[in-house]
Amino acid sequence: MSGELFICYIDPGTGSFVAQVAAAAAIGIIISIKSFWLNIKLFFTSLFSKKQASEDENSENSEDSGLN
Amino acid sequence: MDSINSNLQASSFRDPSGFLYWQDGELYRFVDDSYKENFEHLLDSGLWEQLLKQNLVVNHKEIDKYKIYKPDMLPFVSYPYEWSFSALKNAALLTLKIQKISLKYNMTLKDASAYNVQFIGSKPIFIDILSLEKYVEGTPWIAYKQFCQHFLAPLLLMSLKEYKLQSLLLSNIDGIPLDTTSNLLPKTTLLNFSILTHIHFNAFMQKSMQAMQDKPLKNNNNLKLSKNSLANLLTDLENIIKSLKLKDNKTVWADYYNIKNYDEDSFEYKKQLIREYLGLTQSETVVDLGANTGIFSKIANEAGKYVISCDMDYLAVENNYLQLKKEKNRKILPLIIDLCAPSPCIGWSCKERMSFFERTGNDKTVLALALIHHLRISNNVPVRKLAEFFAGICRELVIEFVPKEDSMVQKLLSTREDIFNDYSKEIFEQEFSNYFTIVKSSQIENSLRFLYLMERK
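Rules and cut-offs
- Residues numbered from 1 in each chain as written.
- Chains lettered and ligands numbered in written order.
- Predicted model: local features only at pLDDT ≥ 70, side-chain atom pairs only at ≥ 80, totals over all residues.
- Helix = DSSP H or I, 4+ residues; strand = E, 2+ residues; numbered from the N terminus.
- Buried ≥ 20, exposed ≤ 12 C-beta atoms within 10 Å, placed from the backbone.
- Rg over C-alpha atoms; globule rule 2.2 N^0.38 Å.
- Contact = placed C-beta atoms within 7 Å.
- Domains from an automatic or database assignment.
- Nonpolar A, V, L, I, M, F, W, Y, C, P; charged D, E, K, R; others polar.
- Core = buried A, V, L, I, M, F, W, Y, C linked by C-beta atoms within 7 Å.
- Pairing = 2+ DSSP bridges.
- pLDDT = per-residue confidence, 0-100.
- Axes fitted to C-alpha atoms, helices over the stretch in contact; angles between N-to-C directions.
- Parallel < 35°, antiparallel > 145°, perpendicular 65-115°, else oblique.
- Left-handed = near helix turned anticlockwise from the far one by under 90°.

Chemist: Outline the overall build of chain A, listing residues and values.
Modeler: Counting its regular elements, chain A contains one helix and zero strands. Per-residue burial for chain A yields a buried fraction of 19% across its 68 residues.

Chemist: Give a description of the overall build of chain B that names residues and reports values.
Modeler: Regarding its fold elements, chain B presents 18 helices and 15 strands. The C-alpha atoms of chain B give 24 Å as radius of gyration, which agrees with the globular expectation for 457 residues (23 Å, within 12%). Expressed as lengths along the three principal axes of its C-alpha atoms, the size of chain B is roughly 75 × 55 × 40 Å. Sorting the 457 residues of chain B into buried and exposed places 42% on the buried side. Counted over contacts in chain B with a minimum sequence separation of 6, partners at least 24 positions apart contribute 68%.

Chemist: Would you mind going over the domain arrangement of chain B in detail, with residue names and values included?
Modeler: As a measure of interface size, the accessible area lost when the parts come together is often cited. By domain assignment, chain B separates into domain 1 (2-39 + 55-71), domain 2 (80-243) and domain 3 (256-456). Considered class by class, the residues forming the side of domain 1 of chain B that touches domain 2 of chain B number five nonpolar, four polar and one charged.

Chemist: Describe the nonpolar core, listing the residues and the values that go with them.
Modeler: Residues and elements named next belong to chain B. One finds L152, I199, V366, L367 and L397 to be the most contacted residues of the largest nonpolar core, which totals 124 residues. Considering each element in turn, this core owes the most residues, 10 residues, to helix 5 (residues 144-160). Beyond its immediate chain neighbours, meaning those up to four positions away, L367 contacts V286, V287, D288, L289, F296, A300 and V398.

Chemist: With reference to specific residues and values, describe the pairing of strand 2 (residues 26-31) of chain B.
Modeler: Residue and element names in this part refer to chain B. Bridge count between strand 1 (residues 18-23) and strand 2: six bridges; the pairing is antiparallel. Residue pairing across strands places W22 opposite L27, the latter belonging to strand 2. The hairpin turn running from strand 1 into strand 2, its antiparallel successor, is two residues long, and D24 in that turn takes a positive phi close to 50 degrees.

Chemist: Help me get a handle on the interface of chain A and chain B, residues and values and all.
Modeler: On the side of chain B, 34 residues touch chain A, which itself brings 24 residues to the contact. Residue classes in the side of chain A that touches chain B are distributed as 17 nonpolar, seven polar and no charged.

Chemist: Explain the confidence of the model for chain A residue by residue, including any values.
Modeler: Residues and elements named next belong to chain A. Mean pLDDT over chain A: 71, with 54% of residues reaching 70 or higher. pLDDT under 50 marks residues 1-6. Its contacts with residues more than four places away, or in other chains, come to eight contacts. The low-confidence segment residues 62-68, where pLDDT is below 50, has zero contacts with residues more than four positions distant or belonging to other chains.

Chemist: Explain the environment of B:W48 to me, using residue names and the numbers behind them.
Modeler: All names here are of chain B. Within the fold, W48 resides in helix 3 (residues 47-53). When the C-alpha positions of W48 and F126 are compared, they lie 12 Å apart, and in sequence the two are 78 residues distant. When residues no more than four places from it in sequence are discounted, the contact partners of W48 are L42 and L43.

Chemist: Summarise the sheet that holds strand 14 (residues 436-443) of chain B; cite the residues concerned and give the values.
Modeler: Strand-to-strand pairing in sheets goes through backbone hydrogen bonds, with the strands running parallel or antiparallel. All names here are of chain B. Strand order in this open sheet of seven strands is 11-10-9-12-13-15-14, and the pairing throughout is mixed. The outermost strands of the open sheet, each flanked by one partner alone, are strand 11 (332-336) and strand 14. The mean angle between the axes of side-by-side strands here comes to 20 degrees, regardless of whether they run parallel or antiparallel. With four bridges joining them, strand 9 (residues 285-289) and strand 12 (residues 365-368) adopt parallel strand pairing. Looking at the pairing, V286 lines up with T365 of strand 12. Contacts from helix 13 (residues 314-326) reach strand 10 (306-311) and strand 11, with the element oriented near 160 degrees to strand 11.

Chemist: Outline the packing of helix 16 (residues 383-393) of chain B against helix 18 (residues 425-433) of chain B, supporting the account with residue identities and numerical values.
Modeler: Residues and elements named next belong to chain B. At a closest axis distance of 9 Å, the pairing of helix 16 and helix 18 adopts a crossing angle of 40 degrees. The angle between helix 16 and helix 18 falls in the class oblique. Crossing angle aside, the handedness with which helix 16 passes helix 18 is right-handed. The residues of helix 18 that touch helix 16, namely those facing V383, R384 and A387, are I427, F428, E431 and F432. A class-by-class count of the residues in the contact of helix 16 with helix 18 yields five nonpolar, no polar and two charged.

Chemist: Mind laying out the environment of B:S86, listing which residues take part and the relevant values?
Modeler: Residues and elements named next belong to chain B. Considering the arrangement of structural elements, one finds S86 in helix 4 (residues 85-104). Take S86: there are 20 C-beta atoms within 10 Å of it, and that puts it in the buried class. Taking the C-alpha atoms as reference, S86 lies 9.5 Å from K325; in sequence the two are 239 residues apart. In this structure, S86 is in contact with E318, Y321, L322 and K325, ignoring residues within four places of it in sequence.

Chemist: Which residues make up the sheet that holds strand 4 (residues 68-71) of chain B, and what values do they have?
Modeler: Residue and element names in this part refer to chain B. Strand order in the open sheet formed by four strands is 1-2-4-3, and the pairing between neighbours is antiparallel. Bordering the open sheet on either side are strand 1 and strand 3 (60-64), each of which pairs with just one other strand. Ignoring strand direction, the axes of neighbouring strands in this sheet form an average angle of 30 degrees. Of the pairings in the sheet, the one linking strand 2 to strand 4 comprises two bridges and is antiparallel in character. Paired with R29 across the two strands is Y69, which belongs to strand 4.

In structure tokens form, the structure reads like this:
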């Protein structure tokens, strides 16, 4: 089967095959960039929210201490 | 085998994996030995069960294992050039969905023809089970070009250029060529990544490779595509198709009932009368010609009929389809049919795709409401010819006669000389009586119009 990979009853068009492989590669790159960007965003969001959370915690503690 | 060959379904000859044939009025699918390995995988892998469970494919009853199967009969066969924009879009999404599921079971669609999808009411269903074959890791999608030609190209042209370009599907039985599509699409689509790759670049590469025909690629097999990349490609096609919409262009007919030609009571009376007349008809299928957005098709459906709801107006049919889809209706099939130029037979030997009236046959019930004045006055068909025409397409006929004094006919006559001497109630009844028995007739309350129930002699 693999030796006759592209023998089929419809004409898939060699040009279309090349275009398909190139399109899939480009889509792959876009997906990688998107997921890389998403990871950076996530990293900073989590960093910021951690900072925010620790600040909130600190302020809560200071408020607590104020109450005490 | 000779008797099988003589009863072959005319469109079933391209794929050597098998064919459809008729025997004693029933349709069967013959599976060739060359496809057996793929068929075993389809059944044993659980893919077939999965596709059936999700109601994506037509069920096939086993007659002789791996050899002969009997597919469930479809109520009516329709073609892509008769579907509304959203119907074609749903057929495309169904094809992609089947391809995505198949990949999980290590199978792939070897063709992606729009003719492999049919509609049961508003629901698309895949009919060609022999299109599925074993997937070989690394192989690009063989049917990619065909998918782009049959689905992506017409949808893009309809959405971004002009919806009437769908008619290009009629003159291009294997889908709209990508170079034509690339030329017709607005230049701004070059800035859209998906359209740029699937259409413009695809068309460019095809052209470039054709130019290199004297120096073909030595080994196609160097072109590899991982399963993951193929899945991403399918998702990209799915996303672009899902994002396409038909521009909100109002046409005369899509807005017809909002303009209101009847007062409420008269409209209700007409509905009641149609309900009564259709209740007296025998055929299980009604062909509603000039259905507009399908108000009277619904009444036929309520009377228990399967309705082929036709109109020449693209947007009226689109509205009809969207409404039926929302209601998950499986009994009304909306189609774009121009009665003055109905779908002809096309394809190999002019038998591959049948004409519209070859498919409806001549024993169904036809509903022809607010139609005859357009055929007589706008299209200049003499009443005698109209009677002959209707006698050739139906056994029972529910028809509305709209006299010259009616405001809609006056409107048609306002821009032309009245040369229509045969257009009167008396001559209409006389000419139609040559072919039909008038079973019932009644004037529609508060209007000048008449409704008839006729039976062919």
